[in-house]
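# Remarks on the overall topology
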Amino acid sequence: MKKILTTVAIACTALAMPYTASAQFSIPSFGGSKSSAPAADLSGQQTTLVKNFVAANVDVLKANAKMSEALGLKATAADAEAVAQQLSSGSTFDKDSASKATTAVGDSGGAIAAKLAEKPQLDAAAKVTYTQGLLSLAKGAVRYKGLGQDVTSMGDGLKSAPLTQ
């Protein structure tokens, strides 16, 4: 059971890494397209991308909070939950939010991985809490996967946008 839980946690963390690492945006090409299609709403697409990225990270932070709690990492659980709550408030969805979410996911995920390396024994209640965390982690992984469409849409918009937009 512990091997399965450890494997699932590591696999979900590995799935999240490419998306958290791509939080920095760059323009893939210049010059635009010769298409007569109207210019895309790049600002709206960027906002959507950042909102969805932060939402995915909130799910992962909530997962990390549950798993940290189950593993007895109370401070890590409290920190992850606090950042998740702050990001869930919807007050800002900007570069700083994305950066904060990425840092918090990495920090809490690292603490969980270190604790799992110790092969801790979980009681029945801790197993239930850990499983709740895994479910939230799966939800976050699904959201991360959905970011691919957001990135594709924004990339297509960048290709067709004039340089002076």
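## What to know about the overall build of the protein chain
Summing up its helical and strand segments, the protein chain has 5 helices and 0 strands in all. Listed by position from the N terminus, the elements making up the protein chain come as α-α-α-α-α. Counting only residues that meet the buried cut, the protein chain has 36% of its 165 residues in that class. When the accessible area of the protein chain is evaluated, it comes to approximately 9400 Å², of which 59% is carbon and sulfur surface.

## What about the nonpolar core?
Counting 32 residues, the largest nonpolar core has L61, M67, L71, L87, Y130, L137 and Y144 as its most contacted members. Of all elements in the fold, only helix 2 (42–70), helix 3 (74–88), helix 4 (95–117) and helix 5 (124–160) reach the threshold of two or more residues within this core.

## Side note on helix 3
Here helix 3 spans 21 Å end to end across 15 residues, near enough to the 21 Å set by a 1.5 Å rise per residue. For helix 3, the full list of buried residues reads T76, A77, A80, V83, A84 and L87. Seen from one end, helix 3 has its buried residues packed into an arc of 135°, which puts them on one side. Away from the buried face of helix 3 by more than 90 degrees, exposed residues K74 and A75 are located. Close packing links the buried residues of helix 3 with helix 2 and helix 4.

## With respect to the confidence of the model for the protein chain
When pLDDT is averaged along the protein chain, the result is 78, and 70% of the positions lie at 70 or above. The low-confidence segment residues 19–38 (pLDDT under 50) makes 23 contacts with residues lying over four places distant or belonging to another chain.

## Quick word on the environment of A84
Topologically, A84 is positioned in helix 3. Those residues in contact with A84 that lie beyond four places of it in its chain are V58, L61 and K62.

## A word on helix 2
Helix length check: helix 2, at 29 residues, gives a terminal C-alpha distance of 42 Å against a target of 42 Å (1.5 Å per residue), a fit within 8%. G72 sits one or two residues past helix 2 and shows a positive phi near 80°.

## Observations concerning the side chain of S68
Inspection of the secondary structure puts S68 in helix 2. The exposure class of S68 is buried, given its relative accessible area of 0%. Separated by 2.7 Å, the side chain of S68 and the backbone oxygen of N64 make a polar contact. With residues up to four places along the chain from it excluded, the contact list for S68 reads L73, T76, A77 and I112.

## With respect to the packing of helix 2 against helix 3
Where helix 2 contacts helix 3, the two axes come as close as 8 Å, and the packing angle between them is 155°. Classified by the interaxial angle, the pair formed by helix 2 and helix 3 is roughly antiparallel. Remark: the crossing between helix 2 and helix 3 carries left-handed chirality. For the pair helix 2 and helix 3, the contacting residues are V54, V58, L61, K62, A65, S68 and E69 in the first and T76, A77, A80, E81, V83, A84, L87 and S88 in the second. Along the lines of polarity and charge, the residues of the contact of helix 2 with helix 3 split into 9 nonpolar, 3 polar and 3 charged.

## Structural notes on the pattern of salt bridges
Within the structure shown, the criterion is met by 2 salt bridges. Ionic pairing is found between R143 and D59, a salt bridge with its closest N-O pair at 2.8 Å. Of this pair, R143 sits in helix 5 while D59 is found in helix 2, placing the two residues 84 residues apart along the sequence. According to the relative accessible area criterion, R143 is partly exposed, its value standing at 36%. Notably, a salt bridge pairs K115 with E118, separated by 3.5 Å at the nearest N-O pair.

The rules behind each value
- Residues numbered from 1 in each chain as written.
- Predicted model: local features only at pLDDT ≥ 70, side-chain atom pairs only at ≥ 80, totals over all residues.
- Heavy atoms only, no water.
- Helix = DSSP H or I, 4+ residues; strand = E, 2+ residues; numbered from the N terminus.
- Buried < 20%, exposed > 50% of the residue type's maximum accessible area, 1.4 Å probe, protein only.
- Areas by Shrake-Rupley, 256 points an atom, 1.4 Å probe, with all protein chains shown as cover.
- Core = buried A, V, L, I, M, F, W, Y, C linked by side-chain atoms within 4.5 Å.
- Expected span 1.5 Å × (residues − 1).
- Arc of directions from axis to C-beta.
- Contact = heavy atoms within 4.5 Å.
- pLDDT = per-residue confidence, 0-100.
- Polar contact = N/O pair within 3.5 Å; in protein donor to acceptor, adjacent residues only side chain to side chain.
- Axes fitted to C-alpha atoms, helices over the stretch in contact; angles between N-to-C directions.
- Parallel < 35°, antiparallel > 145°, perpendicular 65-115°, else oblique.
- Left-handed = near helix turned anticlockwise from the far one by under 90°.
- Nonpolar A, V, L, I, M, F, W, Y, C, P; charged D, E, K, R; others polar.
- Salt bridge = Lys/Arg side-chain N within 4 Å of Asp/Glu carboxyl O.

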